[in-house]
Amino acid sequence: MIDLLRLGFFGMRTRPIRAVLSALGIAIGIAAVVAVVGIPASSAAALNEKMSKLGTNLLTAAPGQDFFGQDAKLPETAVPMAKRIGAVSAASATGKLSASVRKNDLVPSSDTLGLQVQAAEKDLLKVLGAEVREGRWLSPGEKSVVLGGTAASRLGVDKPGVQLWIDGQWFTVVGILGPLPLSPEIDRSALIGWDAAKEAFGFEGNANTVYVRTSPDQVDNVRNLLGPTLNPQKSNEVKVSRPSDALEAQQLAESSYNALFLGLGGVALLVGGVGVANTMVISVLERRREIGLRRALGATRRQIRWQFLTESVLLSGLGGLVGVIVGIAVTAGYSISQQWPAALPWPALLGGVGSAILIGAIAGVYPAVRAARQSPTEALA
C-alpha cells in the first residue's frame with residue numbers, strides 16, 4: 001500500500017505544474033460547495049442567535065382598510081384593551097403624525113429622506129426590547145425627539161443635543177436608538193412623546209401600530225384574539241402580524257439561491273473531473289516507456305491499473321483538501337465581516353473531500369485501464 005502511494009505521488013511530482021492545474025478545478029468546485037453550505041449555515045446561526053435575543057413573541061397590530069377601501073383607525077383604547085388579554089405581558093404603541101423632520105428650516109419640506117415622525121408611548125422601549133445607543137429616552141412633557149438608527153444616519157446626527165425642524169417647530173434630539181431588526185419602521189422614525197405630539201401637532205391619540213409581547217407558547221392564540229380585542233365591532237379592519245416571520249421568510253429566500261450556487265459548484269466539480277481524466281490520459285501516453293519497463297520487470301496489469309488509479313485519486317483528493325481549506329477560509333472571512341458566528345457543517349467538509357476522491361476514482365478508471373492494457377513490447381517500441 002505504501003509503495004502504491006509512493007508511485008502515485010511520484011507521477012504527480014514529475015509534472016507538478018500540470019498536477020496543480022488539474023487539481024485546481026476540483027479545488028474550486030469543492031471550495032464553492034463548502035462556502036455555499038457554510039455561509040448560509042452561518043447566516044442561519046446568526047439569525048437563530050438574533051431571534052433568541054429579540055424573541056419571537058412580539059406581535060404587531062395595525063389598522064387595515066374598511067369595507068369601502070378607506071384607511072381604518074384603531075380606537076384610542078387599543079393599548080389598554082390589548083393588555084387585558086391574559087397571555088399579554090406588555091403592550092405599547094406608536095402613532096403616525098402627518099409631519100416631516102428636517103435638519104433645519106432651510107431644507108425644503110419635500111425632502112423627507114424617507115423618514116416619518118411618530119408619537120411614542122413611554123413604555124415602547126420595554127416592549128420592543130430596544131436600547132438607546134446614545135443619550136436617553138423621552139421624558140413626559142418635554143419637547144424632544146429620539147431618532148431611530150437609520151433616521152439619525154440620514155439626518156447626519158451622531159450625538160444628542162442637536163435641534164431638528166419638525167413642521168415649523170424645533171425639537172431637541174435627546175437620544176439615538178440602536179438597531180431594531182424586528183421593527184424597521186422605528187429605525188426610520190423620529191419619535192416624540194405621546195403628550196408632546198398632542199400638544200404640538202393636535203395628535204388625536206389613535207395608535208398606528210400596537211406592539212404586544214406575549215407568552216412564547218401563546219403567540220398563536222393571542223394573534224387570533226388581538227384583532228377582535230382591539231376593535232370588537234370591526235375586527236376585520238385590524239392587521240395582525242409577527243415581525244419575526246419576515247426574518248424567517250428572508251432566510252428562506254436566501255436559501256433558494258443556495259441551490260443555484262450548489263449547482264454551479266457541481267458544474268465546477270464536473271469540469272475539474274474532466275480535467276483530471278484528461279491529465280491522466282495524457283500521462284499514460286507520455287509514460288508508455290515507463291509502463292513497458294515496469295511490465296518487463298514483472299509488474300502485472302493489475303499493479304499498473306492500481307498505480308494510475310491511485311495517482312488520479314491522490315490528485316483529486318489533494319484538490320478537494322485544498323478546496324475545503326479555501327471554503328473554510330471564505331466562510332470564516334465572510335462570517336467575520338458580517339459579525340456572524342462561523343458555522344462549518346462537518347458533513348459538508350467531509351463530503352467535499354469524499355466527493356473529490358470519488359470523482360478522482362471515476363476519472364481515473366479509463367486511463368488506468370488503458371495503461372494496464374499496454375503490452376511491454378508495444379510500450380517500449
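Residues numbered from 1 in each chain as written. Predicted model: local features only at pLDDT ≥ 70, side-chain atom pairs only at ≥ 80, totals over all residues. Heavy atoms only, no water.

- Under the annotation held in an unreviewed UniProt entry, the protein chain carries the name Putative ABC transport system permease protein and is attributed to Lentzea albidocapillata.
- For the protein chain, the Sequence similarities (unreviewed entry) comment in UniProt is given as "Belongs to the ABC-4 integral membrane protein family."
- For the record of the protein chain, the UniProt heading Subcellular location (unreviewed entry) holds the text "Cell membrane". (UniProt positions renumbered as here; feature names shortened; annotations may be inferred.)

1. As for the overall build of the protein chain
Thought 1: The secondary structure content of the protein chain amounts to 13 helices and 11 strands.
Thought 2: Put simply, the protein chain has 381 residues, and 45% of those count as buried.
Thought 3: Look at the contacts in the protein chain between residues 6 or more apart in sequence, and 80% of them connect residues 24 or more apart.
Thought 4: Carbon and sulfur atoms make up 59% of the accessible area of the protein chain, which amounts to about 19,400 Å² in all. (Helix = DSSP H or I, 4+ residues; strand = E, 2+ residues; numbered from the N terminus. Buried < 20%, exposed > 50% of the residue type's maximum accessible area, 1.4 Å probe, protein only. Contact = heavy atoms within 4.5 Å. Areas by Shrake-Rupley, 256 points an atom, 1.4 Å probe, with all protein chains shown as cover.)

2. Quick notes on the pattern of salt bridges
Thought 1: Throughout the structure, instances matching the rule amount to three salt bridges.
Thought 2: Where aspartate 123 meets lysine 83, a salt bridge forms, and the shortest distance between an N and an O atom there is 3.7 Å. With aspartate 123 in the loop between strand S4 (116-120) and helix H4 (124-128) and lysine 83 in helix H3 (residues 78-83), this residue pair connects regions lying 40 residues apart in the sequence.
Thought 3: Assessed through its relative accessible area of 23%, aspartate 123 is described here as partly exposed. (Salt bridge = Lys/Arg side-chain N within 4 Å of Asp/Glu carboxyl O.)

3. Quick word on the side chain of serine 312
Thought 1: Mapped onto the elements, serine 312 comes out in helix H11 (residues 301-337).
Thought 2: Leave out the neighbours within four places in its chain, and serine 312 touches Val276, Met280, Gly360, Ala363 and Gly364.

4. Notes on the pairing of strand S6 (residues 144-147)
Thought 1: Along S6, one buried face is formed by Ser144 and Val146 and the opposite face, lined by Val145 and Leu147, is buried too.
Thought 2: By the bridge criterion, four bridges tie S6 to strand S8 (residues 169-177) in an arrangement that is parallel. By the bridge assignment, valine 145 is partnered in S8 with valine 173.
Thought 3: With two bridges connecting them, S6 and strand S9 (residues 189-193) associate as antiparallel partners. In the sheet register, valine 146 faces S9, and the bridge partner there is leucine 191. (Pairing = 2+ DSSP bridges.)

5. Topic: the packing of aromatic side chains
Thought 1: Under the counting rule described, the total for this entry stands at three aromatic pairs.
Thought 2: Judged by centre distance (5.9 Å) and plane angle (15°), the ring pair of phenylalanine 171 and phenylalanine 201 falls under stacked. A residue pair is termed long-range when its members are at least 10 positions apart, and phenylalanine 171 in strand S8 and phenylalanine 201 in helix H7 (residues 194-201) qualify at 30 residues.
Thought 3: Residue phenylalanine 201 is classed as partly exposed on the basis of its relative accessible area of 24%.
Thought 4: Relative to phenylalanine 203, the ring of tryptophan 194 lies with its centre 4.9 Å away and its plane at 80°, an arrangement referred to as edge-to-face. Of the two residues, tryptophan 194 and phenylalanine 203, both sit in the buried class.
Thought 5: Against the face of phenylalanine 171 rests lysine 143, its NZ or CZ located 5.5 Å from the ring centre. (Phe/Tyr/Trp six-rings, centres within 6.5 Å; stacked < 30°, edge-to-face > 60°. Lys NZ or Arg CZ within 6 Å of the ring centre and 35° of its normal.)

6. Some points on the nonpolar core
Thought 1: Core analysis: the largest hydrophobic core is formed by 41 residues, its most contacted members being Leu147, Val210 and Val212.
Thought 2: One finds Ala19, Ala23, Val34 and Leu315 within the second-largest nonpolar core, a separate group that totals 20 residues. (Core = buried A, V, L, I, M, F, W, Y, C linked by side-chain atoms within 4.5 Å.)

7. Looking at a nonpolar patch on the surface
Thought 1: Together, Ile17, Leu21, Leu24 and Ile28 make up a nonpolar patch on the protein surface, roughly 430 Å² of accessible area in all.
Thought 2: Relative to the assigned elements, leucine 21 resides in helix H2 (residues 16-54).
Thought 3: The exposed category is assigned to leucine 21, whose relative accessible area is 57%. (Patch = residues over 30% accessible without salt bridge, like charges linked within 9 Å, V, L, I, M, F, W, Y side chains within 5 Å.)

8. A word on a positive patch on the surface
Thought 1: Taken together, the side chains of Arg301, Arg302, Arg305 and Arg373 present a region of like positive charge at the surface.
Thought 2: Along the polypeptide, arginine 373 turns up in helix H12 (residues 346-373). (Lys, Arg positive; Asp, Glu negative; His and termini not counted. Charge placed at Lys NZ, Arg CZ, Asp CG, Glu CD.)

9. Overview of the side chain of threonine 60
Thought 1: On the secondary structure map, threonine 60 appears in strand S1 (residues 58-63).
Thought 2: Filtering out sequence-adjacent residues up to four positions away, threonine 60 remains in contact with Thr209, Val210, Tyr211, Lys239, Val240, Ser241 and Pro243.

10. Here we look at unusual backbone geometry
Thought 1: Phi at leucine 113 is positive, roughly 60°, even though this residue is not glycine.
Thought 2: Examined against the element boundaries, leucine 113 turns out to sit in the loop between strand S3 (101-102) and S4.
Thought 3: For aspartate 167, which is not a glycine, the phi torsion comes out positive at approximately 45°.

11. Notes on H12
Thought 1: Taking 1.5 Å of rise per residue, 28 residues should cover 40 Å, and H12 covers 41 Å from first to last C-alpha, within 8% of that figure.
Thought 2: Along H12, the largest kink reaches about 40° and is centred on valine 365; proline proline 367 follows within four residues of it.
Thought 3: Taken together, the buried positions of H12 are occupied by Ala348, Leu349, Gly352, Ala356, Gly360, Ala363, Gly364, Pro367, Ala368, Ala371 and Ala372. (Expected span 1.5 Å × (residues − 1). Bend = angle between axes of the 7 residues up to and from the residue.)

12. Considering the packing of H11 against H12
Thought 1: Contact pair H11 / H12: the axes reach a minimum separation of 7 Å and the direction vectors enclose 155°. Looking at the two axes, H11 sits roughly antiparallel to H12. When the axes of H11 and H12 are compared, the crossing they make is right-handed.
Thought 2: Tallied by class, residues from the contact of H11 with H12 come to 19 nonpolar, seven polar and three charged. (Axes fitted to C-alpha atoms, helices over the stretch in contact; angles between N-to-C directions. Parallel < 35°, antiparallel > 145°, perpendicular 65-115°, else oblique. Left-handed = near helix turned anticlockwise from the far one by under 90°. Nonpolar A, V, L, I, M, F, W, Y, C, P; charged D, E, K, R; others polar.)

13. A short note on H11
Residues three or four positions apart in an α-helix share a direction because the helix packs 3.6 residues into each turn.
Thought 1: If you check H11, its first and last C-alpha atoms are 54 Å apart, about what 37 residues at 1.5 Å a residue would give, namely 54 Å.
Thought 2: Just downstream of H11 lies glutamine 339, where phi reads positive at about 60°.

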